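Next come the chains, spelled out residue by residue.
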Amino acid sequence: MRIGILGTGAVATALGASWAAHGHTITIAGRSPERAKALADTWGATAATLREAASADVVLLAIRWEGVPDVLDATQGLLTGKTLIDPSNAVEHGVGVLLPQTSAAEEIAERSGAHVVKAFHLFPAAHWAAAAGTVVPLCGDHRAALDTTATLVRDLGATPAVLGPLSRARQLEEVAGFVIGLAFAGTNPNAAIPRT
Ligand SMILES: NC(=O)c1ccc[n+]([C@@H]2O[C@H](COP(=O)([O-])OP(=O)(O)OC[C@H]3O[C@@H](n4cnc5c(N)ncnc54)[C@H](OP(=O)(O)O)[C@@H]3O)[C@@H](O)[C@H]2O)c1
């Protein structure tokens, strides 16, 4: 696949490295062209502008929540009707309370016109380097976008599981808020959910 990665932080680095190793064609862009070039050189990928990266077939929006409006403005018109993977945690740092009224994923879909799929928001970024046995829940409204994202999940050695439409993304985001809230309070979130 031709994958565009917007952002050069922890999530971009982890997923980009794995997808590049899997043979995908990656174009990466961020606020720091130097950082984008360093990552691209490591992966054998291409560093580009935000608009060039947003022109790929599938795009990962690996941007801190407060920067998302700027990046969606900068890529306006290019994401419409495209698969856009959203790993955002739009939560109060260290507390986990969600900031948007609806969900980050629905706000991004509204602003971009993209086929947004919520994914990859629940595990620490470094987890994607060795993700075998992990289930990655997905939410989205568009079948092809869900299928594309599911393929990229499998490429990490993980298993996709569609929870439902994008209107359920808030539930997925709240789970991350729950995990973040307990973890920052010093409790192991894995011990706080039933094993079935
Ligand atoms: N890190 C994790 O373990 C993890 C796990 C799951 C989900 N998430 C979520 O995934 C998203 C990305 O997280 P991350 O850890 O990759 O974040 P990060 O390491 O802080 O990197 C975020 C990226 O966003 C860019 N950015 C921030 N504000 C911007 C703006 N106004 N305009 C353009 N670019 C801007 C940063 O650019 P600069 O470098 O120039 O600041 C950087 O490239 C967040 O919503 C986060 O909550 C993170």
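Residues numbered from 1 in each chain as written. Predicted model: local features only at pLDDT ≥ 70, side-chain atom pairs only at ≥ 80, totals over all residues. Heavy atoms only, no water.

### Examining the packing of aromatic side chains
Scanning all chains against the criterion turns up three aromatic pairs. Ring centres of Trp19 and Phe120 lie 5.7 Å apart, and the angle between their planes is 70 degrees; this geometry places the pair in the edge-to-face category. Placement of the pair is Trp19 in helix α1 (residues 10-21) and Phe120 in the loop between β6 (115-118) and β7 (135-140), with a sequence separation of 101 residues. Judged by its relative accessible area of 0%, Trp19 falls in the buried class. For the ring pair Phe120 and Trp128, a centre distance of 5.2 Å and an interplane angle of 85 degrees mean the geometry is edge-to-face. Joined through ring pairs, the aromatic side chains of Trp19, Phe120, Phe123 and Trp128 make up one cluster. (Phe/Tyr/Trp six-rings, centres within 6.5 Å; stacked < 30°, edge-to-face > 60°. Helix = DSSP H or I, 4+ residues; strand = E, 2+ residues; numbered from the N terminus. Buried < 20%, exposed > 50% of the residue type's maximum accessible area, 1.4 Å probe, protein only.)

### Brief notes about the site of the ligand
Near the ligand there are 20 residues, and of these Thr8, Val11, Arg31, Arg64 and Ala125 occur at the shortest range. Contacts to the ligand include Val11, whose backbone N or O atom sits 2.9 Å from an oxygen atom. Looking at the shell around the ligand, the elements with two or more residues in it are α1 and α4 (68-74). Here the residues of the shell around the ligand sort into ten nonpolar, seven polar and three charged. (Near = heavy atom within 4 Å. Polar contact = N/O pair within 3.5 Å; in protein donor to acceptor, adjacent residues only side chain to side chain. Nonpolar A, V, L, I, M, F, W, Y, C, P; charged D, E, K, R; others polar.)

### Focus: the environment of Ala29
Among the secondary structure elements, Ala29 is positioned in strand β2 (residues 25-29). Sequence separation between Ala29 and Thr46 is 17 residues; the distance between their C-alpha atoms is 8.7 Å.

### As for the pairing of strand β4 (residues 58-61)
Both faces of β4 are covered, namely the face carrying Val58 and Leu60 and the face carrying Val59 and Leu61. Two strands pair when backbone bridges link them, and β4 and strand β5 (residues 83-86) are joined in this way by three bridges, in the parallel orientation. Looking across to β5, one finds that Val58 is bridged to Thr83. (Pairing = 2+ DSSP bridges.)

### Section: the UniProt feature "domain: Pyrroline-5-carboxylate reductase catalytic N-terminal" (unreviewed entry) in the protein chain
Mapped onto this numbering, the UniProt entry annotates "domain: Pyrroline-5-carboxylate reductase catalytic N-terminal" (unreviewed entry) at residues 2-89. The annotated region residues 2-89 carries 39% helix and 23% strand content, and the separation between its end C-alpha atoms amounts to 25 Å. (UniProt positions renumbered as here; feature names shortened; annotations may be inferred.)

### A word on the packing of α1 against helix α2 (residues 33-43)
Orientation of α1 relative to α2, taken along the N-to-C sense of each, is 25 degrees, at an axis distance of 10 Å. One way to sum up the angle between α1 and α2 is to call them roughly parallel. The hand of the α1/α2 crossing is right-handed. Of α2, the residues touching α1 (which contributes Ala12, Thr13, Gly16, Ala17 and Ala20) are Arg35, Leu39 and Trp43. Taken together, the residues of the contact of α1 with α2 break down into five nonpolar, two polar and one charged. (Axes fitted to C-alpha atoms, helices over the stretch in contact; angles between N-to-C directions. Parallel < 35°, antiparallel > 145°, perpendicular 65-115°, else oblique. Left-handed = near helix turned anticlockwise from the far one by under 90°. Contact = heavy atoms within 4.5 Å.)

### Focus: helix α6 (residues 143-155)
Here α6 is 13 residues long and its end C-alpha atoms lie 18 Å apart, about the 18 Å a rise of 1.5 Å per residue gives. Taken together, the buried positions of α6 are Ala145, Leu146, Thr149, Ala150, Leu152, Val153 and Asp155. Immediately beyond the C-terminal end of α6, within one or two residues, lies Gly157, with a positive phi of roughly 90 degrees. (Expected span 1.5 Å × (residues − 1).)

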